[in-house]
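# Summary of structural features
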Amino acid sequence: MSPSSLLILGATSDVGRAIAHEYAKNGFDIILTGRHLEEMEKSAKDLEIRHGIKAQALYFDALDSASHQAFYDSLDNKPTGVVSVIGLLGDQEKGFDDFNHAEQIITTNYTALVSILNIIANDFKARKSGFMIGVSSVAGERGRQSNFLYGSAKAGFTAYLSGLRNEMFKHNVHVLTVNPGFINTSMTEGMDLPKALTLQPEDVAKDIYNAQQKERNICYTGWYWRWIMLIIRTIPETIFKRLGL
Amino acid sequence: MKLNGWGNFPIVDSKLTSLSSFLKELSKKSDEKTETREQAKAIPRGMGRSYGDSSLSDTVVSTLQHNCILDFDSNNGVVTVESGVVLSELLEIIIPKGWFMPATPGTRYVTIGGMVASDVHGKNHHCDGSFGRHIKQLTLLTGDGEKLLCSSTDNSELFYATIGGMGLTGIILEITFSLLAIDTAYIRQESIRVKNIHEAMEVFEASEDWTYSVAWIDCIAKGDSLGRSIIMRGEHAATSELDIQQSKKPLQLTPKKKRSVPFNFPSFALNPISIKLFNNLYYRKVPAGTTKEIIDYNTFFYPLDALLNWNRIYGKAGFVQYQFVLPKETSKEVMPEILKHIADAGSGSFLAVLKLFGKEDKGLLSFPREGYTLALDFPATSATFTLLNKLDEIVHQAEGRIYLTKDSRLQARWMKSGYEHLSTFQKVRQQNDKNNLFRSLQSDRLQITSNNE
Ligand SMILES: Cc1cc2nc3c(=O)[nH]c(=O)nc-3n(C[C@H](O)[C@H](O)[C@H](O)COP(=O)(O)OP(=O)(O)OC[C@H]3O[C@@H](n4cnc5c(N)ncnc54)[C@H](O)[C@@H]3O)c2cc1C
Ligand SMILES: NC(=O)c1ccc[n+]([C@@H]2O[C@H](COP(=O)([O-])OP(=O)(O)OC[C@H]3O[C@@H](n4cnc5c(N)ncnc54)[C@H](OP(=O)(O)O)[C@@H]3O)[C@@H](O)[C@H]2O)c1
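Now for a look at the structure at hand.

This part covers the overall build of chain B. Summing up its helical and strand segments, chain B has 15 helices and 22 strands in all. Along the first, second and third principal axes, the C-alpha atoms of chain B reach 70 × 55 × 45 Å. Relative to its full complement of 453 residues, chain B shows a buried share of 60%. Considering only intrachain contacts with a sequence separation of at least 6, the fraction spanning at least 24 residues in chain B is 74%. Accessible surface, chain B: about 19000 Å² in total, of which carbon and sulfur atoms supply 51%. Looking at chain B, you have 52 positive and 51 negative side-chain charges, and the mean spots of the two groups are 5 Å apart.

Here it is, written out as structure tokens:
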């Protein structure tokens, strides 16, 4: 039997890199994908040297949905699992004035992912095996003035993952939704995040690996965000709309 | 955010940024030619194990995310790494394949980039020189925004300015260097207890055939016992020297638990009496004469790493480490004189290390030169600064030099006398950094770079 392998969409992100190491450490071969080939080729070399597994790097642009089928068909060995880490926080204010930017945020966080994940889901369905992990965000649980373009797209993605889980269950394919809180990454560099609530990418990667291995459905990372979001969701809209969040 | 070196002194406000964000900013700015660019002041930083202000500046560029191991030729023992790779991680990969570092500092928690920038030395300096000697090539991002390949044949001036150049020539991106072949992960060690500094020097000079040698020196004892020490010499052990258990897997160690110092020690825990006690216990632990044993590489090379965050024992005020080297010719006379000053002050640490360096290498600002080097810690107090100012003068008279990566308080006037290639270094640096971008608090303080504010 060939070893398990993981396809990573968004491999250049700090979280994507950490996930690659976590799975490689546990014996998975790794397929890195994204738009920065040279950087990913270095990461692939590093994964092979550190963990003694096989790793490769492939160009993939989520926004070019016309290429998605050909991209997936070109994989010689289809992966055992896929994780999407792709995300774009974007600039809320800019997106509010300029629909091109708003559309880019929405597409990157939601519709582009639907395109590629549908293709992979169909393959997994046919093979009756596999696991799919979508990294969404707690920002998708309630729209807030500071990032609701991003948040609403993540909300769409979360709902998609939930439906996908329901659909794939009967085909023996497991779907995991990951809702991170704050993570110390290039996305949040320079932001003044509360230290006690901010995780390192490596912590998030461990949480994801464990949740996937245990076939959890929804994983908050760190765990306390489940309760923080529970409170945030229960604030009545009449009050919530007045808050400066 | 607040940043500091390993000595917790000084602590300053800096903007910490990742290498990838810094590169993005830099390429944006190279289009604009603005005034802000001329005033910018930045320095790379790895694990922050330098003690003082070498890796502090307005903008501090962390290399820690830039940490891919790019190539490992396990047949010939050559690796290529990105500069943010941490030594402890590299060791875990090379040792099981029968390779070790050609030079290593006393802690594993440094980056390879930091090791190049400080041109670090190990206990084998007298045989194998400093780390720079084993580097085949580097890629460097200069202040002018160019990525240059540097080696002894390509851009060689810049190569030797960058080895030991304390980040002032730019950011080292990738490093290719050769490794040392080993049969086991163990060291055959001999410890020799000697009565004073003179005996210590005799043993050092009689140990030149040993690959590794270093001494723990008692900086409190006076009179006939001035500089009493335990000298440790070592060789990589052969498989035949190991016990049965060890020889089954000679390149693997069984993992040990790490202990850490959970909080800042109150500073009264470190007074002359406690130091004296410690020194006494350490000295007595080793029986008189010579002791032989087989120990694992961590115990031999990285004894302090077993106690994470030991730097906290000095409390919030922090500490300074003082390391100097004296030419061999002046050592015999001057080392005892310096030890006497330290013993009289009674504030030196238990961490005093003595070593005999071998021939000098080519790094323009590299620290090691042939002669005796001593390193020890002091609490950051005004009494310490008075003592060290005095010692600087003695070191200067004896034509010695001070190790920059340990320094946080030296005065600029001693810089030029200690480092005779300083002006060549400055020339090479200026040619590649027209905007005077890469500067640290230390380099401005020591006037290695000119402060253009
Ligand atoms: C317990 C302990 C024991 C030690 N023992 C020894 C020893 O035996 N021998 C010895 O020689 N040293 C020793 N040192 C000092 C240590 O090896 C050096 O300070 C080393 O440079 C630290 O590496 P770092 O990654 O922490 O660098 P930092 O402290 O982050 O930076 C040190 C210097 O390197 C520069 N630098 C870092 N990365 C780069 C880069 N990518 N490109 C260009 N410049 C860069 C910085 O600008 C700065 O000037 C010891 C330190 C400690 C704490
Ligand atoms: N950081 C946080 O606090 C936080 C909190 C909650 C959720 N999250 C989520 O966690 C995930 C990882 O976050 P991060 O902080 O590591 O973010 P990041 O560094 O900004 O990473 C985003 C990733 O998405 C990729 N990407 C963007 N557009 C793409 C496209 N068109 N095609 C292919 N790849 C594309 C990027 O690749 P390129 O290199 O090609 O740009 C990058 O790898 C994201 O989904 C994010 O929304 C993060």
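So that's the structure; there's more coming.
As a rule of thumb, non-glycine residues mostly have phi less than zero, and peptide bonds are mostly trans rather than cis. Residues and elements named next belong to chain A. For the peptide bond that leads from Thr 221 to Gly 222, omega is -10°, which places it in the cis range. If you trace the backbone, Gly 222 turns up in the loop between β9 (218-221) and α8 (225-234). Even without glycine at this site, Glu 215 takes up a positive phi of about 55°. In this fold, Glu 215 is placed in the loop between α7 (201-213) and β9. You can call Glu 215 exposed: its relative accessible area is 53%.

Let's shift gears to the packing of aromatic side chains. Counted under the stated rule, the structure contains 27 aromatic pairs over all chains. Note on Phe28(A) and Phe131(A): the rings are 6.2 Å apart at their centroids and 80° apart in plane angle, and the pair reads as edge-to-face. Taken as a pair, Phe28(A) in the loop between α1 (14-25) and β2 (29-34) and Phe131(A) in strand β5 (residues 131-135) lie far apart in primary sequence, 103 residues in all. A relative accessible area of 7% places Phe28(A) in the buried class. Plain terms: the ring middles of Tyr212(B) and Phe300(B) are 5.7 Å apart, the flat faces sit at 70° to each other, and that makes the pair edge-to-face. With Tyr212(B) in strand β14 (residues 212-217) and Phe300(B) in helix α10 (residues 297-301), this residue pair connects regions lying 88 residues apart in the sequence. The rings of Phe100(B), Tyr212(B), Tyr297(B), Phe300(B), Phe301(B) and Tyr302(B) are connected pair by pair, giving a single aromatic cluster.

Turning next to the site of ligand 1. Residues and elements named next belong to chain B. Around ligand 1 sit 34 residues, and of these Pro 44, Gly 46, Arg 49, Ser 50 and Thr 111 come closest. Elements represented by at least two residues in the shell around ligand 1 include exactly β4 (42-45), α4 (112-117) and β11 (171-178). Partitioning the shell around ligand 1 into residue classes produces 14 nonpolar, 17 polar and three charged.

This brings us to the site of ligand 2. All names here are of chain A. Near ligand 2 lie 28 residues; those nearest to it are Thr 12, Arg 35, Tyr 150, Gly 181 and Thr 185. Interatomic distance of 2.7 Å between a side-chain N/O atom of Arg 35 and an oxygen atom of ligand 2. In the environment of ligand 2, a nitrogen atom lies 2.9 Å from a nitrogen or oxygen atom belonging to the backbone of Ala 62. Bound to the protein, ligand 2 loses 90% of the 880 Å² it would expose on its own.

A few words on the pattern of salt bridges. Per the stated rule, a full pass over the model turns up 33 salt bridges over all chains. Across the pair Arg439(B) and Asp444(B) runs a salt bridge, and its minimum N-O distance is 3.3 Å. Considered together, Arg439(B) and Asp444(B) belong to a single accessibility category, that of buried residues. The structure contains a network of salt bridges with shared partners spanning Asp46(A), Arg50(A) and Glu89(B).

On to the environment of Ser423(B), then. Residues and elements named next belong to chain B. With respect to the helices, strands and loops of the structure, Ser 423 is situated in helix α14 (residues 422-432). Of the residues examined, Ser 423 reaches a relative accessible area of 52% and is grouped as exposed. Taking the C-alpha atoms as reference points, Ser 423 and Ile 448, 25 residues apart in sequence, are found 8.7 Å from one another.

Here we come to the side chain of Thr221(A). Along the chain, the position of Thr221(A) falls in strand β9. Not counting the four nearest positions on each side in its chain, Thr221(A) is found in contact with Val178(A), Asn179(A), Pro180(A), Gly181(A), Leu199(A), Val204(A) and Asp207(A).

The next thing to look at is the side chain of Ser366(B). Tracing the sequence through the fold places Ser366(B) in the loop between β20 (353-357) and β21 (371-379). Looking at Ser366(B), its side chain comes within polar contact range of the side chain of Asp119(B), at 2.6 Å.

So, about the interface of chain B and chain A. It is common to report an interface's size as the accessible area lost on association of the parts. Every contact between the two is made by 16 residues of chain B and, on the other side, nine residues of chain A. Taken over both partners, the interface formed by chain B and chain A buries close to 1100 Å², and the fraction arising from carbon and sulfur atoms is 44%. Together, Cys68(B), Ile69(B) and Leu70(B) form the three largest contributors to the area buried by chain B at its contact with chain A, with a combined 38%. Inspection of the region where chain B meets chain A yields three salt bridges. A salt bridge links Glu89(B) to Arg50(A), with the nearest nitrogen and oxygen atoms 2.7 Å apart. Taken together, chain B and chain A are joined by nine residue pairs in polar contact (both at pLDDT 80 or more). The element best represented in the side of chain B that touches chain A is strand β6 (residues 69-73) of chain B, accounting for four residues. In the side of chain B that touches chain A, the residues fall into seven nonpolar, five polar and four charged.

Before going further, it helps to spend a moment on the sheet that holds β21(B). Residue and element names in this part refer to chain B. One open sheet holds the eight strands; their spatial order is β17-β13-β15-β14-β20-β21-β19-β22, and the pairing between them is antiparallel. Across the chains shown, the open sheet's two edge strands, defined by having one partner strand only, are β17 (289-296) and β22 (401-402). The pairing of β14 with strand β15 (residues 229-236) spans six bridges and is classified as antiparallel. Along β15, the bridge assignment pairs Trp 216 with Ile 230. Strands β19 (319-327), β21 and β22 of the sheet are contacted by helix α12 (residues 382-397), whose axis makes an angle of about 15° with β19.

It is worth spelling out the sheet that holds β4(B) at this point. Residue and element names in this part refer to chain B. Read across the open sheet, the three strands follow the order β3-β5-β4; overall the sheet is parallel. At either margin of the open sheet sits one strand with a lone partner, and together these are β3 (15-18) and β4. Sheet twist, expressed as the average angle between the axes of neighbouring strands with direction ignored, equals 30°. Note: β3 against strand β5 (residues 59-62), four bridges, orientation parallel. The residue of β5 that forms the bridge with Lys 15 is Thr 59.

Before going further, it helps to examine the packing of α1(A) against α7(A). All names here are of chain A. Running from N to C, α1 and α7 cross one another at 50°; their axes reach a closest spacing of 8 Å. Considering their axes alone, α1 and α7 lie oblique with respect to each other. Between α1 and α7 lies a crossing of right-handed hand. Note on element contacts: α7 touches α1 through Pro 201, Glu 202, Val 204, Ala 205, Lys 206, Ile 208, Tyr 209 and Gln 212, opposite Asp 14, Val 15, Ala 18, Ile 19, Glu 22, Tyr 23 and Lys 25. Residues that form the contact of α1 with α7 fall into these classes: nine nonpolar, one polar and five charged.

So, about the pairing of strand β3 (residues 55-59) of chain A. Looking at chain direction, β2(A) and β3(A) are connected through five bridges and run parallel. The partner of Ile30(A) across the bridge, within β3(A), is Ala55(A).

Calculation notes
- Residues numbered from 1 in each chain as written.
- Chains lettered and ligands numbered in written order.
- Predicted model: local features only at pLDDT ≥ 70, side-chain atom pairs only at ≥ 80, totals over all residues.
- Heavy atoms only, no water.
- Helix = DSSP H or I, 4+ residues; strand = E, 2+ residues; numbered from the N terminus.
- Buried < 20%, exposed > 50% of the residue type's maximum accessible area, 1.4 Å probe, protein only.
- Contact = heavy atoms within 4.5 Å.
- Areas by Shrake-Rupley, 256 points an atom, 1.4 Å probe, with all protein chains shown as cover.
- Lys, Arg positive; Asp, Glu negative; His and termini not counted.
- Charge placed at Lys NZ, Arg CZ, Asp CG, Glu CD.
- Phe/Tyr/Trp six-rings, centres within 6.5 Å; stacked < 30°, edge-to-face > 60°.
- Near = heavy atom within 4 Å.
- Nonpolar A, V, L, I, M, F, W, Y, C, P; charged D, E, K, R; others polar.
- Polar contact = N/O pair within 3.5 Å; in protein donor to acceptor, adjacent residues only side chain to side chain.
- Salt bridge = Lys/Arg side-chain N within 4 Å of Asp/Glu carboxyl O.
- Buried area = accessible area lost by both parts, 1.4 Å probe.
- Pairing = 2+ DSSP bridges.
- Axes fitted to C-alpha atoms, helices over the stretch in contact; angles between N-to-C directions.
- Parallel < 35°, antiparallel > 145°, perpendicular 65-115°, else oblique.
- Left-handed = near helix turned anticlockwise from the far one by under 90°.

Just geometry here; none of it tells us what the structure is for.
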